[in-house]
Amino acid sequence: MITTTNLSKKYNGNQVLNIEHLEIPKGQSFGLVGNNGAGKTTYFSLLLDLIQPTTGCITSNDIQVNLSEDWKPFTSSFIDESFLIGYLTAEEYFYFIGELRGQNKADVDALVNEFEDFFHGEILHQKKYLRDLSKGNQKKAGIVAALIGNPEVIILDEPFANLDPTTQIRLKNIIKDLAEQKGVTVLVSSHDLMHVTDVCERIVVLEKGEVVKDIATSGETLHELESYFAASAEV
Amino acid sequence: MIKHFLNLEWKQFTRSASFGKSLGLKILMGFFALYFILMFLALGVGMFPMLKKIFPERDPFVMFNSFIFYWILGDLVIRFFFQKLPVMSVKPLLTLPIKRGKIVNFVLGKSALSFFNFLPLFAIVPFGVTLIFNNYNVSVILIWMLTIFSITLINNYLNFIIESLSAKTELSFLPIIGVSGCLFALNHFEIINISELLAAGIQAVANNPLLLVVPILILIGLYLFNFKILRDKLFLDSSLKTKTQEVNASNLEWTKKFGDIAPFMQLDLKLLWRNKRPKSSVWMLFLGLFYGLVFYPNPTYQDKPFFFIIIGIFITGIFLINFGQFIPAWDSGYYKMLMSQNIKYKQYLKSKYTLMTLSVIILFVLSIPYVYFGWKILLAHFGAAIYNIGVNTYVILYGGSFNRKKINLNEKAAFNFQGTGAVQWIIGLPLIVFPIIIFSIFNYFFSFEIGVLALIILGLIGIVFHEKLMKFITKKYLASKYKMIAAFDQEN
């Protein structure tokens, strides 16, 4: 589904990302972990054609993302709060995104209503603009908006941060469900090793922009990851 | 402690991302300041002989005092619009072991050092010195100067109280304009002669130093009141936290008539209506409409037809200019999202184009009553409107592709230069100057009608080639996509 070849990104000569080859098959739930500055957000930004690669390219469904825009209809994402339009209410935002993705109001309503328990009654019918919601609630709205329009690829940067424990668990179920039941390719990055191991079939560890581990998740994975990061803490 | 505060201030100033960029603006401000200083100096030096000449039978000192009322009113109004309470990012300080009172005192104390408070001194001191040279009692004049200076400071603190009371609502300037207008009217129609009363008061203080206590007590009272207001605000949950607004939802179903650009038009309309900064460009429409009244009643402009064109371009295009110059920076807050969504740039731009065109048409219709001042004006406005639609909209959209400055939608609009760069000034030129040149040439060699016709033809050409031009502009935007995303990501 998503193929990365010889991808690198440099800022003023500083290499921040360098991935020789990475293949993410369709329907995989893919986790990206790494310390701050490891290149997680850079990779996602390249995947969404928000920044230009220094060398190499990413193809999604055989479409090279920095040459054609045809990947946009089947790709959706939530990177950070700047993906929200602050002066809209949550409903208006969902309808707007829906409209961009060719969904009518009824479609959007049907999808959003599935997430009623995820929203915990704090997002819909609030008569509040998104900019006035708390960080956690903004995140919930952004994540659900990324699910509108049956995307085949969903990219979520740090989806667990700022969420309360109940919502974290609900989100994990949603992500698992997307990959297993609906065949959606889900890309998630996180600092929380436990959450990613729970959710993802495959975990890639980035360090200083390079892939240092590529693990198919098993019972041992969490332990393996913990000992890896513990080792780098001792150095 | 104050040393730390000053240190923070300095770093905030020199390390802000826009320090280098807005240096030009600062230099410009510096020139303005210098200009005002010189004006006031001239006023101070020239005041005595001037008053002597105009009112030879009256005492210049008494005369000057009777003007102070107007000065106070004017000063208050100007301060209200230009002077802001010096801000300090207090949020990180709240959890540190610093007494709240100290922070408030620092902020208030710093405001006393404002340029507005020193400016009057440039007039008062020379005037006082000339008075002393003209054999006025030295101690009386010195006390008088002190009184005036304390009145300046009273104005300073009074302004902050007015500002915080009239709050951050829309049209917050109405109360101050209303009250000062009323005071002026009361005085002008001599219902209560405030200016004489005030003059008598100042005179009394000057003659009796003990009475100096009165203005100083007022000053202290105002300071304490300010202190109380600010101190109460120094909690995370009051003023530092942004107020939540009640949603004013309206369904904009009528935009559906515009087809595939409807979602963007709805978004743009909400953008205009729900954010402080763009909302003010809507208010500007009404001010702009009356712009013609300044010039048209004046017969000197009647035989200068190029004035009709300037005003026509301005009246029918004020929204176009105000809104258009910040495309696409209006959407800078969520530009990344738009770029990763399944949108066609063309629709996005066309929505802006449609909005601007609609505004030109509506404003032209509203400006029809100007026909009262002559049919030529109506014709000129019509020509300007067509030119605005057919040429200026594209120019401003094209200029937008060079836009690299983020805009914070929720900041006050008056005299906010955020997002303004060289591009805005350069684009502004062809918008107004170019049509005037074209018109003037045709008007000079042929006639007024041919001049207007030339503008109309240019506009029509633009309308005919709409698709081609939009395609070209869209390409420009696509080419600068990454640069815009990177630039809008930075706070300035």
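Here, every reference points to the structure presented above.
Residues numbered from 1 in each chain as written. Chains lettered and ligands numbered in written order. Predicted model: local features only at pLDDT ≥ 70, side-chain atom pairs only at ≥ 80, totals over all residues.

I'm lost on the overall build of chain B in this one. Help?
A tally of regular secondary structure across chain B gives 22 helices and zero strands. Considering chain B as a whole, with its 492 residues, one finds that 31% of them fall into the buried category. The long-range share in chain B, meaning contacts at least 24 apart out of those at least 6 apart in sequence, stands at 79%. (Helix = DSSP H or I, 4+ residues; strand = E, 2+ residues; numbered from the N terminus. Buried ≥ 20, exposed ≤ 12 C-beta atoms within 10 Å, placed from the backbone. Contact = placed C-beta atoms within 7 Å.)

What is the right way to read helix 17 (residues 345-366) of chain B from this model?
Given 3.6 residues per helical turn, the α-helix brings residues three or four places apart onto the same face. All names here are of chain B. In a regular helix each residue adds 1.5 Å, so 22 residues correspond to 32 Å; helix 17 covers 32 Å between its end C-alpha atoms and thus fits that length. Burial in helix 17 covers these residues: Tyr 348, Leu 349, Lys 350, Ser 351, Lys 352, Tyr 353, Leu 355, Met 356, Ser 359, Val 360, Leu 363 and Phe 364. Buried residues in helix 17 make contact with helix 12 (262-274), helix 13 (276-289), helix 15 (305-324), helix 18 (375-400) and helix 21 (466-479). (Expected span 1.5 Å × (residues − 1).)

Mind showing me how you'd approach the nonpolar core here?
Note on soluble globular proteins: their nonpolar side chains tend to be buried together. Counting 126 residues, the largest nonpolar core has Tyr 93, Phe 94, Leu 130, Ala 141, Ala 145 and Val 188 of chain A as the members making the most contacts within it. Counting residues per element, this core draws most heavily on helix 18 of chain B, which supplies 12 residues. Leave out the neighbours within four places in its chain, and Ala 141 of chain A touches Leu 84, Ala 90, Tyr 93, Ile 123, Leu 130 and Leu 133 of chain A. Counting 26 residues, the second largest nonpolar core, distinct from the first, contains Ile 72, Ile 124, Ile 143 and Val 205 of chain B. (Core = buried A, V, L, I, M, F, W, Y, C linked by C-beta atoms within 7 Å.)

What is the right way to look at the pairing of strand 9 (residues 202-207) of chain A in this model?
A regular strand carries its side chains on alternate faces of the sheet. Residue and element names in this part refer to chain A. Relative to strand 9, strand 3 (residues 29-33) runs parallel, the two being bridged by four bridges. Each bridged residue has a counterpart across the sheet, and for Leu 32 the counterpart in strand 9 is Val 204. Bridging between strand 9 and strand 10 (residues 210-216) involves six bridges; their strand directions are antiparallel. Across the sheet, the residue bridging to Val 205 is Lys 213, located in strand 10. In sequence, strand 9 turns back onto strand 10 through a hairpin of two residues, with Lys 208 there showing a positive phi of about 50 degrees. (Pairing = 2+ DSSP bridges.)

Explain the interface of chain A and chain B to me, please; I cannot follow it from the model alone.
For an interface, size is often stated in terms of accessible area lost upon the parts coming together. Facing 24 residues of chain A, the contacting portion of chain B comprises 23 residues. The residue makeup of the side of chain A that touches chain B, split by class, is 13 nonpolar, five polar and six charged. (Nonpolar A, V, L, I, M, F, W, Y, C, P; charged D, E, K, R; others polar.)

Looking at this structure, how should I read the sheet that holds strand 1 (residues 2-11) of chain A?
Across a sheet, paired strands are connected by hydrogen bonds in the backbone, their directions being either parallel or antiparallel. Residues and elements named next belong to chain A. With antiparallel pairing, four strands are arranged side by side in an open sheet as 2-1-4-5. Each edge of the open sheet carries a strand with a single partner, namely strand 2 (14-24) and strand 5 (63-64). Both strand 1 and strand 2 contribute to a ladder of nine bridges, which runs antiparallel. The residue of strand 2 that forms the bridge with Tyr 11 is Asn 14.

Just to check I follow, could you spell out the sheet that holds strand 10 of chain A for this structure?
Residue and element names in this part refer to chain A. Ordered by their spatial adjacency, six strands build an open sheet running 6-7-8-3-9-10, and the pairing between neighbours is mixed. In the strand order of this sheet, the two ends are held by strand 6 (75-78) and strand 10, each with one partner. Put simply, the sheet's adjacent strands are angled 15 degrees from each other on average, direction ignored. Here helix 8 (residues 221-234) sits on the sheet in contact with strand 3, strand 9 and strand 10, set at roughly 155 degrees to strand 10. (Axes fitted to C-alpha atoms, helices over the stretch in contact; angles between N-to-C directions.)

What's the story with unusual backbone geometry in this structure? I'm lost.
Glycine aside, a negative phi is what most residues show, and trans is what most peptide bonds show. Of the consecutive residues Ile 327 of chain B and Pro 328 of chain B, the connecting peptide bond is found in the cis state with omega at -5 degrees. Mapping Pro 328 of chain B onto the fold places it in the loop between helix 15 and helix 16 (335-340). We note that Asn 150 of chain A has phi near 45 degrees; this positive angle belongs to a residue other than glycine. Assignment of secondary structure puts Asn 150 of chain A in the loop between helix 5 (135-145) and strand 7 (153-157). Classification of Asn 150 of chain A as partly exposed rests on a count of 15 C-beta atoms within 10 Å. Phi is positive for Asn 135 of chain B, close to 65 degrees, though the residue is something other than glycine. Tracing the backbone through its elements, the reader meets Asn 135 of chain B in the loop between helix 6 (115-133) and helix 7 (138-166).

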